[in-house]
Structures are given as structure tokens and as C-alpha cells.
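Letter by letter, the chains look like this.
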Amino acid sequence: MRSNLGFFSDEKFRSIFFQTLVVGLFALGLLFVISTTSYNLEKRNIATGWSFLQNPAGFDISFSPFIEFKSTDTHLKVYFVGVLNTLLVSVTGCIAATILGFILGIIRLSSNWLLSRLVYVYVEFSRNVPLLLQIILWYSILIQLPRVKQSLQFLDVFYISNRGLYSPRPIFESGFSYVSIAIVLALISSFLINRWAKKRQDNTGQQFPVFSSSIGLIFIIPLILFFILGSPLSFEHPELKGFNFKGGLVIRPEFIAMFLALSIYTAAFISEIVRAGIMSVSKGQREASAAIGLKQTWIMRLIIIPQALRVIVPPLTSQYLNLTKNSSLGIAVGYADLVHGFGGISLNQTGQAIECMAIVMATYLSISLTISFFMNIYNRSIQFKEK
Amino acid sequence: MNEMNEVRKPPVATTGIIGWLRINLFFNWTNSLITLFVIYCLYQFIPWILDWTIFSADFKYNYLGEQITNQEMCSRNLDPENGGACWAVIYVRFYQFIYGFYPKVEVWRVNVAYAMLALALLPLLYAKLPYRKYFLYFTYIFPVIAYFLLNGGLGFTEVSTNKWGGLLVTLVLGCTGIALAFPIGIMLALGRRSKLPVISMMCTLFIEFIRGVPLITLLFFGMVMLPLFLPEGIDMDGLVRVLVAVTLFQSAYMAEVIRGGLQAIPPGQYEAAKSLGMSYWRMNLLIILPQAIRISIPPIVNTSIGLFKDTTLVIIVGILDLLGIGRGTLADTNWLGLSYEIYFFVSLVFFIFTFGMSRYSLYLEKKLKTGINMGAD
């Protein structure tokens, strides 16, 4: 019956035919888009190319904690400020969301009915209300705080007002580098001690007080050094001058709103992931570890969590990716991240939509790929190892 | 005999209300302390929130009995001691929240479309509906009816999409995005699993690209780049451009969910279909996809919840959905400073939709677990 179709019924031929067809259509479409786009750009007098990156931006960025930004700086610098701001809110958000999510996930499994119901209500509310709405809501709460003159005070050094959180800025003096070197060395050596102690315990069964020795190394030795060198650290306190504070460290309400909304929203998802992960560890594991006489806290730390992590890490990775992508919503409250600064204001000023959007998209893609790369390495390190 | 006189205490109750309380709330000292602390916090919080939202709130009239027409007339602005929320803003602006700036004469068309939407969803949500087949026919033609009803044409006067707003835009974006993304997602999922290397590579690249960038960049793409890509004379409507972006975004996520379902189908199903001489499309349409989609319905509902929440992002490119109308109302000097009331209301509307959808997905998961045995356990 098929024979009259001839060579068309040959699978190999059909495969090549269809793929060539698809590639051909795609190329035609691409050609069409390129030609119409170049025509449109020419007609609207929009410049092309990357030279605009060197042009002065001509606008100010209110929040740039890492590098100084002036309105005479280039669009390229706008881009870097944006990337740093995106990374800042993503990294701090991920850390806070993880901590909060783990705590809430464990509370959700608590035997106390009232407590676990309370967390359930929180999870359902923050999961089911759009994130953008939560960001805007937090922002509107923060800008309704008292004005600068009536700002709320904590411990006489922190001031909270509708302009943000003002705190003392640490000023590192010459001797402080020795202290930081001591801290880094202490971190490395406690990591090595931890590995050595684990090996020794595996071989001989003898335990080593890893925790207390690490605390001693990381905190006490640098602290002694700090005082020997004559406390080479001072603080610049914010001072009320005229209508605003001068000096000190400022955390703008846009950042606080983004940070709170992102971490609270994502923590709700993470807590459900943690709950599912812990519940996936079979009951027998807990009973067996209780039977050999492990303490409650040890059961959690040595038996339950390591096994639960295998289930938790893959979906946790996608939550980190979501949080990073969601940080692009900063544009709604004017947080100068990648999308708002470079993809928004720079794009509007230069009109070079294609170049700006291409750079923004490529940056997000590389951030996403980097996060999944590192999380995949971590994931591989905690999976079952066949010995 | 002495031993017999020693009366043993009855065991501590583990059933009934007392037993339940003992196990779940007062199991030990720390547990009891936590319970009491939580009860204390709730005792402080619940009366306050009830008072603010209901008992001292203004719904239509303030405490003087006047009908509220602007924020100055809200009880709490007349007398800060005496008043909670001022829901009058919702009451006055209710029309805009639900229909946007749709002309009042034509608003019956939106109402009919809302009712038809409910009717069209019914056979999709409830599998045991009598005469489900005929209802499904209606579901298939509903998008066409809704287009003419809302947009105009076929004797209806035209209502330009920049007059649409509020819940109408939220629902149009959500429903159209989900409905269009479903077939595209299926094609992408099949394409990614295809044995033809070029097609599989193209689908994978597309899916990973869309999933790697935030929705907001795609919306910007639709708003600022799409007009540059099209030949002169083709002027795309703003809502349509946003819909293109939303659909592209959703179809990539839908594709991954359906791919998960496809991977769960045992290879025996493919082999059996092929041994019956079925072609690729016949095998997928009749054997593989019905099973794959059935097991991926709960995650499909979950990504749909995500999309429904993400439709709020369109306010950034200037489309007035429910949240956009809320922000617009706040910018009006008549209603300045009522942000908590407005955001509370918008959150509540979203919560009702998304919580309903998530409950539905849980119900489906339970039904699927008991209903069919996939041979996994």
C-alpha cells in the first residue's frame, strides 16, 4: 500500500527531508526578520552597534553600594552597577530564603498542631499572592515610615525612616588587614581540621572537638590580634544634617522591599520542599537511629538531613533560579538592577532596544547557567555514592 | 491480697478531644509553652485584624452616615481613633476593578463572556459531567465567541483593547496564555524528545532560552522589539504583543511539564503501538499523549497558577490588569493613601483564584493516585 509513495516511505530520507525543511523555513524566517528590522531601524533613525556603551549615561543611580556612580559615567558602567545590584539582592535573598525556608519546613512538621497550622497559613498566603504585589506592598509599607526627622532609633546607632535604614559604616584602618588574614587562615585550618578529624574518626573511632576548636580559631585568635593591634576598626555614624542623614551606611527602602518580598515569597516554596524532603526519609531510619541510641539532635543532623538533602537540592536549585529571575521585578519599585538600570533607562535614552535586550537576556542566561552549574556539582557530591 | 488493693491509674486518654489536645498541643513542657505563646499572639492579632477589616471598617458610609466619595471622608481620616479600613474605595471603583474602562453600555458583553467562561471550564474541570462531550464542543468554540464578544465585530461595536482593564485583562491574559501554551508546549515537548537531531536541538534551545530569562525581559521584547521585527503597516495591538510574550514564556514551562509526563510512559507502550503499525503521529495522539497528559495534569495546573500570578507583570509595560487598576486608583488624589485596602483587595482576588486552583490540583493528584495504577509501585 505504501509502495506507491516510493522513496518517501524511507525513514532515512524522510528524516533528512523534514530536517532540511525545518532549517530552511527557519533560515527564511530569520532572513525576513533581519531585513525588515534593518529597514525599520534605518527608517526610524536608530543607531546600531555597540558604541553607545561608551557614551555618558546622563542619569543618576540612587543605589550603588559597590561602585561610585556619577551621571557622567558610561552606559557600560550602568550595566555593571545593574549586574552587581541584581547579584546583591539575589544572593542575600537566596541565603535568607534558605534559612527561613528550612526553619519553617521543620516547624511545619512539628508535633505542635497550632504551630504547624500557623506555618501552613503563612505558606498558602505567600505562595498564592503574586510576588509583584508583595514587593509593591512591602515598598508601600516602608515609604510610609516616619520622615527622616522623626526616624525610629535602635541602640542609638541605627535609624529607620522612609528614606531607608541608616547604620554606622565600618572604616578599616591599616592594621585590620592582619585581622582579616587571620580570619581567612582560621577558616582554612578549621576546614582542614574537620577533614582530618573525620578521617581519624572513620579509622579509629576517636572523636575530636571540631566545633569548639573551630570557634576558638575563627573568633578568639583574630579577636586577640584585633586588640593587640589596637582595635584598627572605627565606625562612621550617620548624622542628621539638614533634611537628610550624612555619612554612615544607607540601605535604601527599594532594596529592603525587594529583599523582604523575595526571601519571604521564596521561603514559602522552600519550606514545602524541605518538608517533602524530610518526609521522604523513611520512618525506619529514624527508628533505627533511635534504637542505636543516638540523641534527637544527632538523628536529625547525621541521619535525616543528609538523606533528605538528596531530595531537597534539585528543586531548591530551581527556586534559586526563580529568585534570581524574579529579582528583575525591582523595576516596579525603582530598584536599579539590570532590568531597571540598563534594560530600562539606558534603553530609553539610547533607543537601542535590540542591543540592550540582548545584553540583558545574555546576562540572565549566564547567571542562570552558573547557578545550575554549581548546584549540579553540589548535588553530585551529596548523592548516593556507589562504593 | 495487699497487691490487689493497689489501684492502678487508668491510662492517659489518647482519644477524644482531651486526648487530641494532649497529643497535638500539650505533649510536653516546651510544647505547652509554645502553644500558649502562639495562642497569646493570635489573641493579640486576630481581634485587631477583624476590627480593622470588618468591625470598624467603612463599607459604603462613614461613621457619620455619609456616603464616602473620596479618602477625606473615610472614618479613619476624619478621626484616627475611630475607624479601620475604608472599603468604600473598592465599592466606588468596583466597576473599574472588574471591567477596566469598558463602555458601560456594552458591559453586558463582558458579563456574558464571564458566564460563558465558567460554562466552558466546567467540562474541563469536572470529568463526570453529564453530556460532557457536547459541553466540550462549546469549550472549543468559546475562544472564537469570546473574541467577537469582547473585541467587537459580527455586528457588535468595536471596543479597543486599551479600554479593557482590571479582572478582565487578568483573565484574558491568564486563560489565553494557558490555552495557547498547551498545544505549543505539547509540540515542543515532542520536538525535544524527537529522534531528529536538528528538531530536538532547536526545541531544547528554545525551551532553555525562555526558561533562563525573566518574564519581564520577554515582555520588553514583545513591547519594544517585536514592532521592529514586523514589516511596516502591521501595527500590533499592545495586548496582543504582551500575549505573544506570555504565551512563549508559558509554552516553554508547559513543554517541560509535559516532557516529564512523556518520560513516565513505559517504553512498552511505544513498542506496542509501533508493532500495531501506527505512524508517529497516530501513536502519539492515540496512545502516548492521552496517558502522558493525564499524569501531568497536576503539574500543568501548578504552572498555570504560576502564570496567573505572573500576569501582574504586564503593569510594568503599561497594561492595566487588576493590580494596575489598583495602582491607578492609588495615584488618584481622591483615593490617596488607601494602599492597604487596595492591595488587600487585589491580593484577596488573586488568592481566591490561585488557592482554588491549587486545591483543585491536590484533588486531582489524589484522584489520580487512587484512580489508575501506572505500574510504578
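Predicted, not measured: the structure shown is a model, and the values here were computed from it. (Residues numbered from 1 in each chain as written. Chains lettered and ligands numbered in written order. Predicted model: local features only at pLDDT ≥ 70, side-chain atom pairs only at ≥ 80, totals over all residues.)

1. So, the overall build of chain A
When helices and strands are counted, chain A shows 11 helices and 8 strands. For 387 residues, the compact-globule estimate of 2.2 N^0.38 gives 21 Å, and chain A exceeds it by more than 25% at 28 Å. Principal axes of the C-alpha set define a box for chain A whose edges measure 80 × 75 × 45 Å. Expressed as a percentage of the 387 residues in chain A, the buried residues total 28%. (Helix = DSSP H or I, 4+ residues; strand = E, 2+ residues; numbered from the N terminus. Rg over C-alpha atoms; globule rule 2.2 N^0.38 Å. Buried ≥ 20, exposed ≤ 12 C-beta atoms within 10 Å, placed from the backbone.)

2. With respect to the overall build of chain B
Counting its regular elements, chain B contains 17 helices and 0 strands. Relative to the compact-globule value of 21 Å for 377 residues, chain B shows a C-alpha radius of gyration of 28 Å, a clear excess of over 25%. Dimensions of chain B, computed from the C-alpha atoms along their principal axes, are close to 90 × 75 × 45 Å. Counting the 377 residues in chain B, one finds 32% classified as buried. Contacts in chain B between residues at least 24 apart in sequence constitute 67% of all its contacts with a sequence separation of at least 6. (Contact = placed C-beta atoms within 7 Å.)

3. Observations concerning the sheet that holds strand 3 (residues 164–167) of chain A
Residues and elements named next belong to chain A. Taken together, the 4 strands give an open sheet; going across it, the order is 1-2-3-8, and neighbouring strands pair in antiparallel fashion. Lying at the two open borders of the sheet, with one neighbouring strand each, are strand 1 (152–154) and strand 8 (249–251). When the angles between neighbouring strand axes are averaged without regard to direction, this sheet yields 20°. Pairing of strand 1 with strand 2 (residues 158–161), which is carried by 3 bridges, proceeds in the antiparallel orientation. Looking across to strand 2, one finds that Gln 153 is bridged to Tyr 159. (Pairing = 2+ DSSP bridges. Axes fitted to C-alpha atoms, helices over the stretch in contact; angles between N-to-C directions.)

4. A look at the interface of chain A and chain B
Each partner contributes to the interface: chain A provides 41 residues, whereas chain B provides 38 residues. If you list the elements that add at least two residues to the side of chain A that touches chain B, you get helix 1 (11–43), helix 3 (113–128), helix 4 (131–142), helix 10 (338–350) and helix 11 (353–382) of chain A. With 10 residues, the top contributor of residues to the side of chain A that touches chain B is helix 1 of chain A. Grouping the constituent residues of the side of chain A that touches chain B by class yields 27 nonpolar, 12 polar and 2 charged. (Nonpolar A, V, L, I, M, F, W, Y, C, P; charged D, E, K, R; others polar.)

5. Quick notes on unusual backbone geometry
One non-glycine residue, Tyr 131 of chain B, lies in the positive phi region at around 55°. Within the fold, Tyr 131 of chain B resides in the loop between helix 7 (107–125) and helix 8 (132–151).

6. Concerning the environment of Thr 329 of chain B
All names here are of chain B. Position of Thr 329 relative to the elements: it lies in helix 16 (residues 322–331). Separated by 128 residues in sequence, Thr 329 and Met 201 have C-alpha atoms that sit 47 Å apart. With residues near it in sequence (within four places) discarded, Thr 329 still touches Val 89, Arg 93, Trp 335 and Ile 342.

7. What about the domain arrangement of chain B?
When cut into domains, chain B gives domain 1 (16–54) and domain 2 (165–337). Of note, the centres of domain 1 of chain B and domain 2 of chain B, computed from C-alpha atoms alone, are 44 Å apart. (Domains from an automatic or database assignment.)

8. Things to note about the nonpolar core
Taken as a class, soluble globular proteins show a tendency for nonpolar side chains to be buried jointly. By size, the foremost hydrophobic cluster in this structure holds 138 residues, and its most contacted members are Leu 132, Leu 133, Ile 135 and Met 258 of chain A together with Leu 168, Ile 216 and Leu 219 of chain B. Looking at which element gives the most residues to this core, the answer is helix 7 (residues 253–280) of chain A, with 14 residues. Beyond its immediate chain neighbours, meaning those up to four positions away, Leu 132 of chain A contacts Leu 329 and Ala 332 of chain A together with Thr 312, Leu 313 and Leu 323 of chain B. (Core = buried A, V, L, I, M, F, W, Y, C linked by C-beta atoms within 7 Å.)

9. A few points about helix 6 (residues 210–228) of chain A
Quick reminder: α-helices carry 3.6 residues per turn. Residues three or four places apart thus point the same way. All names here are of chain A. The terminal C-alpha atoms of helix 6, which comprises 19 residues, lie 26 Å apart, in line with the 27 Å expected from a rise of 1.5 Å per residue. Its maximal kink placed at Leu 217, helix 6 deviates by approximately 30°. A positive backbone phi angle near 80° is found at Gly 230, which sits one or two residues after helix 6. (Expected span 1.5 Å × (residues − 1). Bend = angle between axes of the 7 residues up to and from the residue.)

10. What to know about the packing of helix 3 of chain A against helix 7 of chain A
Residue and element names in this part refer to chain A. At a minimum axis separation of 9 Å, helix 3 and helix 7 run at an interaxial angle of 125°. Taken together, the axes of helix 3 and helix 7 lie oblique to each other. Considering how the two elements wind past one another, helix 3 and helix 7 form a crossing that is left-handed. Every residue of helix 7 that contacts helix 3 at Val 119, Tyr 122, Val 123, Ser 126 and Arg 127 is listed here: Ile 264, Tyr 265, Ala 268, Phe 269, Ser 271 and Glu 272. Tallied by class, residues from the contact of helix 3 with helix 7 come to 7 nonpolar, 2 polar and 2 charged. (Parallel < 35°, antiparallel > 145°, perpendicular 65-115°, else oblique. Left-handed = near helix turned anticlockwise from the far one by under 90°.)

11. Concerning the environment of Ile 49 of chain B
Residue and element names in this part refer to chain B. Tracing the backbone shows Ile 49 in helix 3 (residues 29–55). On the neighbour-count criterion, Ile 49 (11 C-beta atoms within 10 Å) is exposed. Separated by 36 residues in sequence, Ile 49 and Ala 85 have C-alpha atoms that sit 9.8 Å apart.

12. What to know about the pairing of strand 2 of chain A
Residue and element names in this part refer to chain A. Burial along strand 2 is one-sided: Tyr 159 and Ser 161 are buried, and none of Phe 158 and Ile 160, which face the opposite way, are. If you look at the hairpin formed by strand 1 and strand 2, you'll find 3 residues sitting between the two strands, and Leu 155 has a positive phi there, around 55°. Where strand 2 meets strand 3, 3 bridges bridge the pair, whose relative direction is antiparallel. The partner of Ser 161 across the bridge, within strand 3, is Gly 164. Counting the residues in the hairpin turn of strand 2 and strand 3 gives 2 residues.

13. Concerning the confidence of the model for chain B
When pLDDT drops low, the exact placement of atoms in the prediction is not to be read closely. Residues and elements named next belong to chain B. In this model, chain B carries an average pLDDT of 84, and 95% of its residues clear a pLDDT of 70 or more. Considering each helix and strand of chain B separately, the mean pLDDT is smallest for helix 1 (residues 2–5), with a value of 59, and largest for helix 9 (residues 167–192), with 92. Confidence over residues 371–377 falls short of pLDDT 50; this stretch has 3 contacts with residues more than four positions distant or in other chains. In the model output, the complex is listed with pTM 0.86 alongside ipTM 0.87. (pLDDT = per-residue confidence, 0-100.)

14. Let's talk about the packing of helix 12 (residues 238–263) of chain B against helix 15 (residues 297–310) of chain B
Residue and element names in this part refer to chain B. The N-to-C vectors of helix 12 and helix 15 enclose an angle of 165°; their axes lie 9 Å apart at closest approach. The pairing of helix 12 with helix 15 is recorded here as roughly antiparallel in orientation. In this structure, the crossing between helix 12 and helix 15 has a hand that is right-handed. The residues of helix 15 that touch helix 12, namely those facing Gln 250, Tyr 253, Met 254, Val 257 and Gly 260, are Pro 299, Ile 300, Thr 303 and Leu 307. Of the residues contributing to the contact of helix 12 with helix 15, the split by class is 6 nonpolar, 3 polar and no charged.

15. Looking at the environment of Ile 54 of chain B
Residue and element names in this part refer to chain B. Mapped onto the secondary structure, Ile 54 falls in helix 3. With 12 C-beta atoms counted inside 10 Å, the residue Ile 54 sits in the exposed group. In sequence terms Ile 54 and Gly 84 are 30 residues apart; their C-alpha atoms lie 7.8 Å from each other.

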